[in-house]
Amino acid sequence: MAGYTDAWLSYKMKALTNPVLWSRVTVVTAAGDKEQLPQTVVTATAELVRAGKELFGTELQTYYEAAALLPAEAEAGVDALKRLTGQAEGTVLLFLPELAKGYSEGYRIVSDDTVMYIIAGTGRGILYGAFDVIRMEITEGSAAGKEKKVLPDNPLRMMNHWDNMDGSIERGYSGRSFFFVDNEVVVNERTRAYARLCASVGINAAVINNVNVKNAATELITPRYEKELRRMSEVFAEYGVTLYLSLNFAAPMELAGLSCSDPLNEEVRAWWKETMRYIFTAVPNLGGFLVKADSEGRPGPHTYGRTQAEGANMLAEAAAPYGGTIIWRCFVYNCTQDWRDKKTDRARAGYDHFKPLDGQFADNVVLQIKNGPMDFQIREPVSPLLGGLEHTNQILEVQAAQEYTGQQRHFCYLVPMWKEVLDFKTYCAPENDTVADIVSGRTYAQHTCGMAAVTNTGDDENWTGHDFAGLNWYGFGRLAFQTSLTAKEIAEEWIRMTVTKEPAAVKALTDMALCSREVYEKYTSPLGIGWMVNPGHHYGPNVDGYEYDRWGTYHRADCHGLGVDRTSKGTGYTMQYREENYKRYEDAAECPEELLLFFHYVRYDAVLKSGKTLIQHIYDTHFEGAAQAEQFLGTFAGLKDYIPEEIYQRSAERFKMQAEHAKEWRDIVNSYFYRKSGIPDAHGREIY
Ligand code: GCV
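Summarised in this report is the structure supplied together with it. (Residues numbered from 1 in each chain as written. Predicted model: local features only at pLDDT ≥ 70, side-chain atom pairs only at ≥ 80, totals over all residues. Heavy atoms only, no water.)

## Overview of the overall build of the chain
- A tally of helices and strands in the chain yields 19 helices and 18 strands.
- The C-alpha radius of gyration of the chain comes to 26 Å, within 12% of the 26 Å expected for a compact globule of 688 residues.
- Seen through its C-alpha atoms, the chain measures out along the principal axes to roughly 80 × 65 × 50 Å.
- Residues classed as buried in the chain amount to 63% of the 688 residues present.
- Sequence-distant contacts, at least 24 apart, represent 73% of the contacts inside the chain between residues at least 6 apart. (Helix = DSSP H or I, 4+ residues; strand = E, 2+ residues; numbered from the N terminus. Rg over C-alpha atoms; globule rule 2.2 N^0.38 Å. Buried < 20%, exposed > 50% of the residue type's maximum accessible area, 1.4 Å probe, protein only. Contact = heavy atoms within 4.5 Å.)

Here is the structure:
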């Protein structure tokens, strides 16, 4: 199935409507010197040449010319630019390093029918502009006559892989790792194809190994893997993707036999300083490290009575001389809880651990915060740490890997969920107080911040198992770059680039995408309560799967009702929010209904805003959700003629699986609550 490894960059031939525009690529710099160009500018020219060939069958020549422009002149119109650059035909890459400050990694595009300028102050900006031009050609028919300036909203736009060195992927649903095979680091054409896909949507960083760093992965910071990592970082760098690694906090013990990894121990500190000196010298393009400490059995500073800040700062101090960043995860909670204990609340843990440390982290530390306080459920409130921390760099972590959202067997487009999170008003400041404002750095003038996605990729031909899961990878990049894009715009783009341009099919698939999250939510766990999955692998319904376990994820259903009382009278979690949100969540009548059971214990016979009782809501949504999953299958089958054969075959199989599995969810959840409550369905449908 050659071609599908290019995913949304699998170009299909089209008519050349602007032959002059696509006649040549000229790189214009002050010196006109090819040797001085960043690698990413060279890549941008190669991408335009490739697009010319694959879209139109034309051979673009590349030229390098000199022209000195003042930064303000970069804002000129087409005619003035023609005069200033002396270039009036083809695509002109105007690389002006003086613009870097104002443009960061952004770009400006100005074009008419014969010339198109891509103007930027960084190589990444030029590359993203080139991919935008290609995207416009494909999705809008032409890049001619456009004028736009796009500056990325988030400085860091990062992939987090949970790949293990033996080639397995934790929560991977699309084959095995393409970074690691049998404890070796692999660098090949797929590495380049991956970096290219990332760059095409503005992703600028990737952590290649699992945050649970064990065995051989601990050795990634030793000479054993130096050569391959350097090579990988170079391939990544061609596409402006910075390599990061996850590291093991206990490495001083495991690699050097030290007696502890106490962050205040002098020997430990000296070991890290030397290790950082070594690894940043050996792999010069390395951006830094991601750390999961004191979480789910991983080592960390708590073992030594030290704080998370002391742990992170020790690594940060060692990495600082090399410009290294330490990304420290906030997923710290008690995973050996007693289910009988109704006071301890896992949802509280992130805030309880990190809020008191606000302001204590070094400048090159950034805290990475999962979107919700639990763990990537289909519906959770936004973590109160986002809006709670005021003096700490922050990254929002979302999960493209569909661990709890259908494991890439069910279609679940996640951009609508991520947008809800970004748009959430935290009330942390008089203005610029949404999550998007905070993680972009607008609220607190931070630079080391942004968004990370746990990836959904593997070595499957189509990268993501379900072809339509590719939309979540694509969508993450596009959204992280430009948080104002709508979920609809992003879905339409991806569908046109990857699947079909037939308007009726684009519409049908976009409609499916936009309701897919709600559909999944309807037939799985209701009103924000989450979980109800099989322990361990997290696929499929098991209402009590985690109910009497140690993980702190309970629904508390009994014969009268269900839900967790997280109000001030319950676990007190609501009090972690700012006043306005606290009040909304505290009062069951004000609480957004989709989160009702997350915040409140509710009786089955309580009447919801819809006028239905809670139990009837559960029954109805489960019947509706399963019926909609069945409709997905029918709608998709009806689009067969517009969809490339391989994509159709692979996806149709998954839609079939989803429809069947949705019924299983429906019947198990409905029967469970019927048996608990003894209340029959008002419509007399079959419940077992
Ligand atoms: C990488 C959840 C997942 C784990 C994952 C963890 C994390 O608990 O089930 O597989 O570990 O989150 O985010 O660290």
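## Quick notes on the pattern of salt bridges
- Inspection of every chain in the model, using the stated rule, returns 53 salt bridges.
- Of the charged contacts in the structure, one is a salt bridge between Glu-493 and Arg-135, with a shortest N-O distance of 3.9 Å. With Glu-493 in helix α14 (residues 487-498) and Arg-135 in helix α4 (residues 123-140), this residue pair connects regions lying 358 residues apart in the sequence.
- One connected set of salt bridges, linked through shared partners, spans Asp-6, Glu-47, Arg-50, Glu-54 and Arg-196. (Salt bridge = Lys/Arg side-chain N within 4 Å of Asp/Glu carboxyl O.)

## Brief notes about the packing of aromatic side chains
- Going through the model one piece at a time under the given rule, you end up with 44 aromatic pairs.
- Between the aromatic rings of Phe-636 and Phe-655, the centroid separation amounts to 4.7 Å while the plane-to-plane angle is 45°, which identifies the pairing as tilted. Note that Phe-636 is positioned in helix α18 (residues 614-638) and Phe-655 in helix α19 (residues 645-677), a separation of 19 residues in sequence. For the residue pair Phe-636 and Phe-655, the accessibility class agrees, reading buried in each case.
- An aromatic cluster is present here, built from Trp-8, Phe-178, Phe-179, Phe-180, Tyr-194, Phe-236, Trp-463, Trp-473 and Tyr-474 joined pairwise through their rings.
- A cation over a ring is seen here: Arg-566 above Phe-598, with NZ or CZ 4.1 Å from the ring centre. (Phe/Tyr/Trp six-rings, centres within 6.5 Å; stacked < 30°, edge-to-face > 60°. Lys NZ or Arg CZ within 6 Å of the ring centre and 35° of its normal.)

## Points about the packing of α4 against helix α5 (residues 189-200)
- Contact pair α4 / α5: the axes reach a minimum separation of 9 Å and the direction vectors enclose 80°. The angle between α4 and α5 places the two elements in the roughly perpendicular class. Taken together, the residues of α5 that come into contact with α4 (itself represented by Leu-127, Tyr-128, Phe-131 and Arg-135) are Arg-196, Ala-199 and Ser-200.
- In terms of residue class, the contact of α4 with α5 is made up of 4 nonpolar, 1 polar and 2 charged. (Axes fitted to C-alpha atoms, helices over the stretch in contact; angles between N-to-C directions. Parallel < 35°, antiparallel > 145°, perpendicular 65-115°, else oblique. Nonpolar A, V, L, I, M, F, W, Y, C, P; charged D, E, K, R; others polar.)

## Things to note about the nonpolar core
- Of all hydrophobic cores here, the largest spans 211 residues; its most connected members are Trp-272, Trp-328 and Phe-673.
- In this structure, Leu-81, Leu-96, Val-110 and Val-115 belong to the second largest nonpolar core, which totals 17 residues. (Core = buried A, V, L, I, M, F, W, Y, C linked by side-chain atoms within 4.5 Å.)

## Some words on the sheet that holds strand β16 (residues 450-454)
- Pairing in this closed barrel of 8 strands is parallel, and the strands run β7-β10-β11-β12-β13-β14-β15-β16 around the ring. Taken over all neighbouring pairs, the strand axes of this sheet differ in orientation by 25° on average, direction set aside.
- Two strands pair when backbone bridges link them, and strand β11 (residues 242-246) and strand β12 (residues 288-291) are joined in this way by 3 bridges, in the parallel orientation. When the bridges of β12 are listed, Ser-246 appears paired with Leu-290. (Pairing = 2+ DSSP bridges.)

## Here's the deal with the site of the ligand
- Taken together, 15 residues are adjacent to the ligand, and Glu-170, Lys-292, Arg-329, Lys-370 and Glu-403 come closest.
- Within the side chain of Lys-292, one N or O atom sits 2.6 Å away from an oxygen atom of the ligand.
- In this structure, Glu-403 approaches the ligand through a side-chain N or O atom, which is 2.5 Å from an oxygen atom.
- Protein chains bury 97% of the 340 Å² of accessible surface belonging to the ligand in isolation.
- Of the pockets mapped on this structure, the ligand occupies the largest pocket.
- Of the residues assigned to the shell around the ligand, the class counts are 4 nonpolar, 3 polar and 8 charged. (Near = heavy atom within 4 Å. Polar contact = N/O pair within 3.5 Å; in protein donor to acceptor, adjacent residues only side chain to side chain. Areas by Shrake-Rupley, 256 points an atom, 1.4 Å probe, with all protein chains shown as cover. 1 Å grid on protein atoms, 1.4 Å probe; cavity = no way out; pocket = protein on both sides within 12 Å on 5 of 7 lines; lining within 4 Å. Sits in = over half its atoms within 2 Å of the grid points.)

## A closer look at the layout of surface pockets
- Size it by volume and the largest pocket reaches roughly 370 Å³.
- Lining of the largest pocket is provided by 24 residues; of these, Glu-170, Arg-171, Glu-296, His-538 and Trp-551 occupy positions nearest its centre.
- The class makeup of the residues in the lining of the largest pocket is 9 nonpolar, 4 polar and 11 charged.
- Within this model, the second largest pocket holds a volume of roughly 300 Å³.
- Residue classes in the lining of the second largest pocket are distributed as 3 nonpolar, 7 polar and 5 charged. (Points joined across faces, edges and corners; volume = space filled by probe spheres on them.)

## Re empty space enclosed by the protein
- Counted under the stated rule, the structure contains 9 cavities of 30 Å³ or more.
- Volume-wise, the largest cavity comes out at about 150 Å³.
- If you trace the largest cavity, you find 17 residues lining it, with Cys-330, Phe-331, Gly-350, Gly-372 and Pro-373 closest to the centre.
- A per-element tally of the lining of the largest cavity places helix α10 (residues 349-354) first, with 3 residues.
- Considered class by class, the residues forming the lining of the largest cavity number 12 nonpolar, 3 polar and 2 charged.

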